[in-house]
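# Summary of structural features
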Amino acid sequence: MIQIEIDNGSGFCFGVTTAIKKAEEELARGEKLYCLGDIVHNGMECERLRQMGLITINHEEMRELHDVKVLLRAHGEPPETYELARRNNIEIIDATCPVVLKLQKRIKEQYDDNRQSPSANLQPQIVIFGKKGHAEVLGLVGQTQSSAIVIENVDEVAKLDFSRDIYLYSQTTKSLDEFHRVIDYIQAHISSEAKFQSFDTICRSVANRMPNISQFAAKHDLVLFVCGRKSSNGKVLYNECLRVNSNTHLVEGPEEIEPHWLEGITTVGICGATSTPKWLMEQCRDKLLMFDV
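If you're wondering where the values come from, they're calculated on a predicted model, not measured in any experiment.

A few words on the overall build of the protein chain. In terms of helices and strands, the protein chain carries 11 helices and 12 strands. Compactness check: the protein chain gives a C-alpha radius of gyration of 21 Å against a globular reference of 19 Å for 293 residues, within 12% of the reference. Across its three principal directions, the C-alpha atoms of the protein chain cover 75 × 50 × 25 Å. Expressed as a percentage of its 293 residues, the buried residues of the protein chain come to 52%. Taken as a whole, the protein chain presents about 14200 Å² of accessible surface, with 49% of it coming from carbon and sulfur. One finds the centroid of the 33 positive side-chain charges in the protein chain at a distance of 3 Å from the centroid of its 42 negative side-chain charges.

Turning to the sheet that holds strand β8 (residues 166–170), a few remarks are in order. A sheet is described by the order of its strands in space; here 4 strands give the open sequence β7-β6-β8-β9, paired in parallel fashion. In the strand order of this sheet, the two ends are held by β7 (149–151) and β9 (196–198), each with one partner. Between one strand axis and the next, the sheet turns by 20 degrees as a mean value, whatever way the strands run. Both strand β6 (residues 125–129) and β8 contribute to a ladder of 5 bridges, which runs parallel. Across the sheet, the residue bridging to Gln125 is Ile166, located in β8. Where helix α5 (residues 98–114) meets the sheet, it contacts β6 and β8, and its direction lies at approximately 165 degrees from that of β8.

With that settled, the discussion passes to the sheet that holds strand β5 (residues 91–94). Across the sheet, 4 strands lie side by side as β3-β2-β4-β5; this open sheet has parallel pairing. Every other strand in the sheet has two partners, leaving β3 (55–57) and β5 as the edge strands with one partner each. Along the sheet, successive strands turn relative to each other by an average axial angle of 35 degrees, direction set aside. For strand β2 (residues 33–36) and β3, the ladder comprises 3 bridges, and the chain directions are parallel. Looking across to β3, one finds that Cys35 is bridged to Thr56. Across the sheet, helix α1 (residues 14–28) touches β2, β4 (69–72) and β5, and the angle it forms with β4 is around 165 degrees.

A separate point is the packing of α1 against helix α2 (residues 43–52). At their nearest, the axes of α1 and α2 sit 10 Å apart, and the two run at 20 degrees to each other. Judged on the interaxial angle alone, α2 and α1 are roughly parallel. Crossing hand, α1 versus α2: left-handed. Every residue of α2 that contacts α1 at Ile20, Glu24 and Leu27 is listed here: Glu45, Arg48, Leu49 and Met52. A per-class count over the contact of α1 with α2 returns 4 nonpolar, no polar and 3 charged.

What follows is about the side chain of Asp7. As for its placement among the helices and strands, Asp7 is situated in the loop between β1 (3–6) and α1. The side chain of Asp7 is buried and forms no salt bridge, while Arg209, the nearest opposite charge, is found at 6.9 Å. A polar contact of 3.1 Å, which involves the side chain of Asp7, links it to the backbone nitrogen of Gly9. Filtering out sequence-adjacent residues up to four positions away, Asp7 remains in contact with Ile213, Phe216, Ile270, Cys271 and Lys278.

The next thing to look at is the packing of aromatic side chains. In this structure the tally under the stated criterion is 4 aromatic pairs. Between Tyr169 and Phe199 the ring centres are 4.7 Å apart and the planes differ by 10 degrees, which places this aromatic pair in the stacked class. With Tyr169 in strand β8 and Phe199 in the loop between β9 and α8 (204–207), the pair connects residues that are 30 residues apart, well separated along the chain. The burial state of Tyr169 is the same as that of Phe199; both residues are buried.

A separate point is unusual backbone geometry. Although it is not a glycine, Asp67 sits at a positive phi angle of roughly 55 degrees. Here Asp67 is to be found in the loop between α3 (59–62) and β4. A positive phi angle is found at Asn89, which is not glycine, with a value near 55 degrees. If you trace the backbone, Asn89 turns up in the loop between α4 (79–87) and β5.

Think of an α-helix as turning once every 3.6 residues; residues three or four places apart then point the same way. Compared with the 24 Å implied by 1.5 Å per residue over 17 residues, the 24 Å span of α5 between its first and last C-alpha is a close match. Those residues of α5 not exposed but buried are Val100, Leu103, Gln104, Ile107, Gln110, Tyr111 and Asn114. Buried residues along α5 cover an arc of 130 degrees about the axis, so they all sit on one side. Opposite the packed face of α5, turned more than 90 degrees from it, sit the exposed residues Lys102, Lys105 and Asp113. Residues of α5 that are buried sit in contact with β6, α6 (135–141) and β8.

Reading guide: rules and limits
Residues numbered from 1 in each chain as written. Predicted model: local features only at pLDDT ≥ 70, side-chain atom pairs only at ≥ 80, totals over all residues. Heavy atoms only, no water. Helix = DSSP H or I, 4+ residues; strand = E, 2+ residues; numbered from the N terminus. Rg over C-alpha atoms; globule rule 2.2 N^0.38 Å. Buried < 20%, exposed > 50% of the residue type's maximum accessible area, 1.4 Å probe, protein only. Areas by Shrake-Rupley, 256 points an atom, 1.4 Å probe, with all protein chains shown as cover. Lys, Arg positive; Asp, Glu negative; His and termini not counted. Charge placed at Lys NZ, Arg CZ, Asp CG, Glu CD. Pairing = 2+ DSSP bridges. Axes fitted to C-alpha atoms, helices over the stretch in contact; angles between N-to-C directions. Contact = heavy atoms within 4.5 Å. Parallel < 35°, antiparallel > 145°, perpendicular 65-115°, else oblique. Left-handed = near helix turned anticlockwise from the far one by under 90°. Nonpolar A, V, L, I, M, F, W, Y, C, P; charged D, E, K, R; others polar. Salt bridge = Lys/Arg side-chain N within 4 Å of Asp/Glu carboxyl O. Polar contact = N/O pair within 3.5 Å; in protein donor to acceptor, adjacent residues only side chain to side chain. Phe/Tyr/Trp six-rings, centres within 6.5 Å; stacked < 30°, edge-to-face > 60°. Expected span 1.5 Å × (residues − 1). Arc of directions from axis to C-beta.

This is the structure in structure tokens:
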């Protein structure tokens, strides 16, 4: 009999849990509710909420709406979205994660301070270590009227102007180790006449999952990492599992599990991202139990 363990530390983070709870509360009252973008990067959870009545829209579709309720997910939004809601008399159900809100405020304050610089040619650079086009990053860049520079990895740091001041922030779900490598690179190249400040804005509830998930992956013969393939946080945690245990498979749901993966296996660990619902990991466990007869 194969032993199966679901990682207690995996599953929705606080921000995602809050967003989904707010959506469920509105829908339970029979309210018509729109959500700007996927409420979570997990297709099966989005489908569950769609069946409850949640209507997912994009920014173009929101421009056509008036006098309705729109939920903003945990990732956050730029100021333009709130201005659009005001113009169209849209009631915002704001589920932006408090960690993201705090980061948005810090970047906005830095941007406002930078505008007081006496020389436009020497304007400090606000740099965001994050995934280009990611919802959270778009919200952060929006605090700077789109002037912030986004870098996705250490290789892209070279494009910065090291003769000018640099203020470095990070998307909340990025790898802490990667962030430190970016810091080291800038410190090694920044001009002695330029100022460099870095702000560790990575969410600890996410960052702390890295060492825990490493230990979890190491103790099993097979690891199933359950995650939507659009999840940035999921990619980071999956790669960590794969680094520790080469017999790690990423699946979005139980239908992707292959029976031959269990050949010669005695223990299986099931874990996931901050966007992975517990019920989905449990479905994957149940599918494994069907194979193990």
